[in-house]
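Notes for the structure review
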Amino acid sequence: MTESFEAFLDQFERANTAFVNGDSSLWMPLVSHSEQTSIFGGFGGLEVGWSQVGPRYQWASAQFRPSGAKVEFEYLDKHVGSDTAYSVAIERCTVMYVDQPDEFPHALRATMVFRKEDDGWKIVHRHADPLSPRGA
């Protein structure tokens, strides 16, 4: 089970890099189409169910311009069970937003929940928000 999840994480990392270059085509097949799928995304908001989550992911990816950005993952924790898994990571890269002329450092705290479905591992929840300095 761990090997199949690690192979899935390789796909996820490639899809995440494409995502921050404005291409959601690798990401979308990795997301569960369940009505329990959810996202607390880096652009804010809350979406639950494929009918909300799918369009939100497409919108979010469209906020980035192709820039050659490559996401670096610092996994703080990962766990794989028989049919569920999670990861806690910092995702870092430098991106270009469609509405800004300059590159922007992009660092997110990302907690992901994955589920083994009939056709393989899928994203069932993503909570990502900007990494900011700790307050006092």
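This text follows the structure it describes.
Attention in this report is confined to the structure presented alongside it. (Residues numbered from 1 in each chain as written. Predicted model: local features only at pLDDT ≥ 70, side-chain atom pairs only at ≥ 80, totals over all residues. Heavy atoms only, no water.)

Notes on the nonpolar core
Residues F8, F12, W27, Y57, F114 and I123 are the most contacted members of the largest nonpolar core, which totals 27 residues. Taken together, the elements giving at least two residues each to this core come down to α1 (2-19), α2 (50-61), β5 (84-97), β6 (103-117) and β7 (120-130). For this core, the leading source of residues is α1, giving six residues. In this view, Y57 contacts F19, W27, M28, V31, I39, I123 and R126; residues no more than four positions away in its chain are not counted. (Core = buried A, V, L, I, M, F, W, Y, C linked by side-chain atoms within 4.5 Å. Buried < 20%, exposed > 50% of the residue type's maximum accessible area, 1.4 Å probe, protein only. Helix = DSSP H or I, 4+ residues; strand = E, 2+ residues; numbered from the N terminus. Contact = heavy atoms within 4.5 Å.)

A word on the pairing of β7
Among the eleven residues that make up β7, eight are buried, leaving the element largely enclosed by the rest of the structure. Sheet topology note: the strand β1 (residues 38-40)/β7 ladder contains three bridges and is parallel. Residue F40 lies in a different strand from β7, and its bridge partner there is H127. Summarising the sheet, β6 and β7 pair through ten bridges and their orientation is antiparallel. Across the sheet, V113 pairs through a bridge with H125, a residue of β7. Linkage of β6 to β7, two consecutive antiparallel strands, is achieved through a turn of two residues. (Pairing = 2+ DSSP bridges.)

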